[in-house]
Amino acid sequence: MKILIERIGGVLRHPLSISLAFLALLQALHYFDTRWRFVPFLAVVTLAIAAFFFLLSRRPSFSLWAAGTMVLLIAAMSEVKFRLKGFSLHVFDFAFTGLDRSALSFLVGSYFHVLIAGVAALVAAIVFLVVAFRSDRRSGRSFGVRAGLLLVMAVGVVVLYPDKKDEPDYVHYISGYDASSFFVSIGDLEFPLGRIVLADRLENVEAKGSLRDDISCGAAGNPDLFVVLSESQTSPTYFPQVNVPQWMSASFQSQDGHVHPLQVETFGGGTWVTNFSVMTGLSGADFGWQSPYVTQILEGRVKTSLPSLLARCGYRTVAVMPMQASFVNEGPFLRSIGFQEIVDFDVMKPQSHFVRDSFYFDAVERIVREHRETDRRPLFIAMQTLFPHGPYDMSLVPKDTLPEKAFAADAEANEYLRRVALAKQDLQDFRRKRQQAPGPNGTVVLDFGDHQAVATKDYLLADAPAGNVFADLRSLAYKTYYSVYAYGRDIDMRPFAKPLDVGFLSASLIEAAGLPTSPTFEALARLRDACDGHYHTCADRTLVDQHLRQRQDAGLLDLD
């Protein structure tokens, strides 16, 4: 064994081996980052890490191999995260997701095969580096020389750190630049660490006008309201490559017979970011790279929202979520914006996360039945579904429930669409029950797609124009839908006449259904009209910043 290790060490120490491996690393980094622009930065980062290892170990070839292996593993982790969740690896993930037991439990349960592959890669890397360490020879370079080398490499990292002034700071993480994202994200850190980046943007904005913390509850007899988050769903008509039944395409329509486009700000994952925007009337993208962490950083900071408005007007407000309430801190955040009750995974106790959506609709039915027997208040339930969520490498739709007809040539896309078909059947059953029993003051049902699924990503890219489709929040990658139905109640569909950004959805719903309102939501409706339905990407961005500053000045949005 000693002879074998020595022979391997001779190969690993040879300048030709190191040179070829470094060139291969650069190619791999280009693959993971999709462009050459940041590869010089990554090369210097690798050398800086190698210099750090050399400072500690005094083993030069081991240090180079260890640094290259580390950078490659981080790039692979980032690639996996982007493919699953639409957001590349950020240093904050180790603090937020890494310490979130419910998030880790869900990821392990849903993507166990990915975990096994990751553990296998890590074990192989450790074995390789142990051999590289034992077979290398200590250098005679002094501590001062080794420290000086590290200093030079560190200066190189700072000099080559990417200048992102020509693009919003979140673009790097939604664009699939997976090799560089983690190292670039270190430069995002500001002190104190809890500082919210939107505060910097609004610091010099002059608020023209003001908002009041008033409410207008309207006449007696407010309707029950059900807002359904349809997990990973968008209209299949956006993808000509798929072939779904006519009834399934029609199930995305509103009561006016139209499919209403909704522009969200996350792809493949990040459900909570879309839900955040619907409930608060804020754009997640306005928080830049902090967008995936809004439910953590903004708990207790948003003073005006759809649930808080309805609660102040006498509604019972309930959030039904298929995850544990602690998942990405969404439960505590929802409580902080006005939900009086949280019905989560632990309360409902499904057998797994892969149950049909009918399970969650049945839970809502029990709440409705109990409420109407014992409580005279109007009811607001915001519920999330889960059945169409990935992974898609296992069949969840029984053949006797849905005929085995191919909706798409790709196996995973087909499985995804079959789950959506079943989810739409469950939603339609729920709507029928609301129609049959609308309650004394009628019922309004809104459902919306939180983001597109990774299963149709190849179809998206096949028809995408030149450039990175994920870097443009106005691209098809961020297009979902919403539908609105009213039972025993009139609704004005004019506020839904144009495509909407997700931050305007609740204000439009309030206006269309004649729900309780406030100066904040009235201002959002005016902003929607002035910006042609665009929020974060409004052509006159000054209008958006002034609105946000008004909310901040009125104490309705705490960014300090």
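Residues numbered from 1 in each chain as written. Predicted model: local features only at pLDDT ≥ 70, side-chain atom pairs only at ≥ 80, totals over all residues. Heavy atoms only, no water.

Undergrad: So what exactly am I meant to see when it comes to helix α2 (residues 15-33) here?
TA: Given 3.6 residues per helical turn, the α-helix brings residues three or four places apart onto the same face. Its 19 residues place the ends of α2 27 Å apart at the C-alpha level, agreeing with the 27 Å of an ideal helix rising 1.5 Å per residue. Residues of α2 that are buried include every one of L25, L26, L29, F32 and D33, and no others. With its buried residues spanning 130° around the axis, α2 presents them on a single face. Exposed side chains of α2 directed beyond 90 degrees from the buried face belong to L16, L20, L23 and Y31. In this fold, the buried residues of α2 make contact with α3 (39-57) and α4 (60-85). Taken from the residues just after α2, T34 is the one with a positive phi, measuring 70°. (Helix = DSSP H or I, 4+ residues; strand = E, 2+ residues; numbered from the N terminus. Expected span 1.5 Å × (residues − 1). Buried < 20%, exposed > 50% of the residue type's maximum accessible area, 1.4 Å probe, protein only. Arc of directions from axis to C-beta. Contact = heavy atoms within 4.5 Å.)

Undergrad: Honestly, the side chain of T295 in this entry has me stumped. Any pointers?
TA: Residue position: T295 is located in helix α13 (residues 294-297). Assessed through its relative accessible area of 1%, T295 is described here as buried. In contact with T295, not counting residues within four places along its chain, are W272, V328, N329, E330 and F333.

Undergrad: What am I meant to see in helix α6 (residues 112-135) here?
TA: Here α6 spans 35 Å end to end across 24 residues, near enough to the 34 Å set by a 1.5 Å rise per residue. The complete set of buried residues in α6 reads A125, L129, A132 and S135.

Undergrad: What am I meant to see in the state of the cysteines here?
TA: Simply put, the disulfide is a covalent bond whose two ends are the sulfur atoms of two cysteines. Within this structure, the stated rule accounts for two disulfides. Each sulfur in the disulfide pair C217 and C313 lies 2.0 Å from the other. Residues C217 and C313 are joined through a disulfide that is left-handed, its torsion about the S-S bond being -85°. Pair noted here: C217 is in the loop between α10 (197-202) and β1 (224-230) and C313 is in the loop between α14 (306-312) and β3 (316-320), with a separation of 96 residues, a long-range link. Note on C217: relative accessible area 25%, which makes it partly exposed. Each sulfur of the disulfide joining C531 and C538 lies 2.1 Å from the other. Measuring the twist about the S-S bond at about -75°, one finds the C531-C538 disulfide to be left-handed. (Disulfide = S-S within 2.5 Å.)

Undergrad: Looking at this structure, I do not really get the sheet that holds strand β8 (residues 500-501). What am I missing?
TA: Spatial ordering of the open sheet is given by β4-β3-β5-β1-β6-β7-β2-β8, a layout of eight strands whose pairing is mixed. A strand with exactly one partner marks an edge of an open sheet, and here the two such strands are β4 (341-343) and β8. (Pairing = 2+ DSSP bridges.)

Undergrad: Would you explain a nonpolar patch on the surface in this entry?
TA: On the surface, V108, F112, L115, I116, V119, V123 and V127 cluster together to form a nonpolar patch covering roughly 570 Å² of accessible area. Take the nonpolar patch: its biggest share by element is six residues, from α6. With respect to the helices and strands, the residue V119 is situated in helix α6. Since its relative accessible area comes to 43%, V119 is described here as partly exposed. (Patch = residues over 30% accessible without salt bridge, like charges linked within 9 Å, V, L, I, M, F, W, Y side chains within 5 Å. Areas by Shrake-Rupley, 256 points an atom, 1.4 Å probe, with all protein chains shown as cover. Salt bridge = Lys/Arg side-chain N within 4 Å of Asp/Glu carboxyl O.)

Undergrad: Whenever I open this one, the nonpolar core confuses me. Can you help?
TA: The tendency in soluble globular proteins is for nonpolar side chains to be buried as a group. By size, the foremost hydrophobic cluster in this structure holds 119 residues, and its most contacted members are F183, M279, L298, F339, F380, Y482 and L559. The residues touching M279, leaving out its near neighbours within four places in the chain, are V227, S305, L306, P307, I337, F339, F380 and A382. Formed by 29 residues, the second largest nonpolar core is a distinct cluster that contains V273, I381, V445 and Y485. (Core = buried A, V, L, I, M, F, W, Y, C linked by side-chain atoms within 4.5 Å.)

Undergrad: Is there a simple way to explain the pattern of salt bridges in this structure?
TA: A side chain with one charge can pair with a side chain of the opposite charge if their charged atoms come near. Evaluation of the coordinates by the stated rule reveals 25 salt bridges. Measuring nitrogen to oxygen at the nearest pair gives 2.8 Å for the salt bridge that ties D224 to R372. Taken as a pair, D224 in strand β1 and R372 in helix α17 (residues 357-374) lie far apart in primary sequence, 148 residues in all. Its relative accessible area of 7% is what places D224 among the buried residues. For D553, the salt bridge goes to R549, with nearest N and O atoms at 2.8 Å. Highlighted residues: D553 and R549, both in helix α22 (residues 541-553), separated by four residues, approximately one helical turn. Put simply, R201, D286, R541 and D545 are held in one network by salt bridges that share partners.

Undergrad: Quick question: what am I supposed to make of the packing of aromatic side chains here?
TA: How two aromatic rings sit relative to each other is given by the distance of their centres and the angle of their planes. Applying the stated rule across the entire model yields 25 aromatic pairs. Ring pairs connect the aromatic residues F52, F53, F62 and F133, which therefore count as one cluster. Residue placement shows R59 over the ring face of F133; its charged tip is 4.0 Å from the ring centre. Over the ring of Y238 we find K479, and its NZ or CZ is 4.5 Å from the ring centre. (Phe/Tyr/Trp six-rings, centres within 6.5 Å; stacked < 30°, edge-to-face > 60°. Lys NZ or Arg CZ within 6 Å of the ring centre and 35° of its normal.)

Undergrad: What should I look at first to understand the environment of S19 in this one?
TA: Along the chain, the position of S19 falls in helix α2. Relative accessible area serves as the criterion here: at 41%, S19 is assigned to the partly exposed category. It is 58 Å that separates the C-alpha atoms of S19 and Q550, two residues lying 531 residues apart in sequence.

Undergrad: Teacher, can you tell me more about the packing of helix α20 (residues 505-513) against helix α21 (residues 519-530) here?
TA: Between two packed helices, the angle of one axis relative to the other and the distance separating the axes together describe the packing. Interaxial distance between α20 and α21 falls to 9 Å at its minimum, and their mutual angle equals 105°. In terms of orientation, α20 lies roughly perpendicular with respect to α21. Between α20 and α21, the residues in contact are S506, A507, S508, I510 and E511 and F521, L524, A525 and R528, respectively. Residues of the contact of α20 with α21, tallied by class, amount to five nonpolar, two polar and two charged. (Axes fitted to C-alpha atoms, helices over the stretch in contact; angles between N-to-C directions. Parallel < 35°, antiparallel > 145°, perpendicular 65-115°, else oblique. Nonpolar A, V, L, I, M, F, W, Y, C, P; charged D, E, K, R; others polar.)

Undergrad: Hey, could you run me through unusual backbone geometry in this one?
TA: The phi torsion of most residues other than glycine is negative, and most of the peptide bonds are trans. Residue P391 follows G390 across a cis peptide bond; omega there is 5°. Counting through the fold element by element, P391 comes out in the loop between β5 (379-384) and α18 (411-436). One non-glycine residue, T34, lies in positive phi territory at about 70°. For T34, the position within the fold is in the loop between α2 and α3. On the basis of relative accessibility, which here comes to 48%, the residue T34 falls in the partly exposed class. Non-glycine residue V328 carries a positive phi angle of around 45°.

Undergrad: I'm lost on a negative patch on the surface in this one. Help?
TA: On the surface, D393, D410, E412 and D458 cluster together into a negatively charged patch. Looking at the secondary structure, you find D410 in the loop between β5 and α18. (Lys, Arg positive; Asp, Glu negative; His and termini not counted. Charge placed at Lys NZ, Arg CZ, Asp CG, Glu CD.)

Undergrad: So what exactly am I meant to see when it comes to the side chain of Q384 here?
TA: Within the element layout of this structure, Q384 appears in strand β5. Here E330 takes part through its side chain, which lies 3.2 Å from a polar atom of the side chain of Q384. Apart from residues no more than four positions distant in its own chain, Q384 is found in contact with L229, T271, N275, V320, M321, P322, E330 and Y360. (Polar contact = N/O pair within 3.5 Å; in protein donor to acceptor, adjacent residues only side chain to side chain.)

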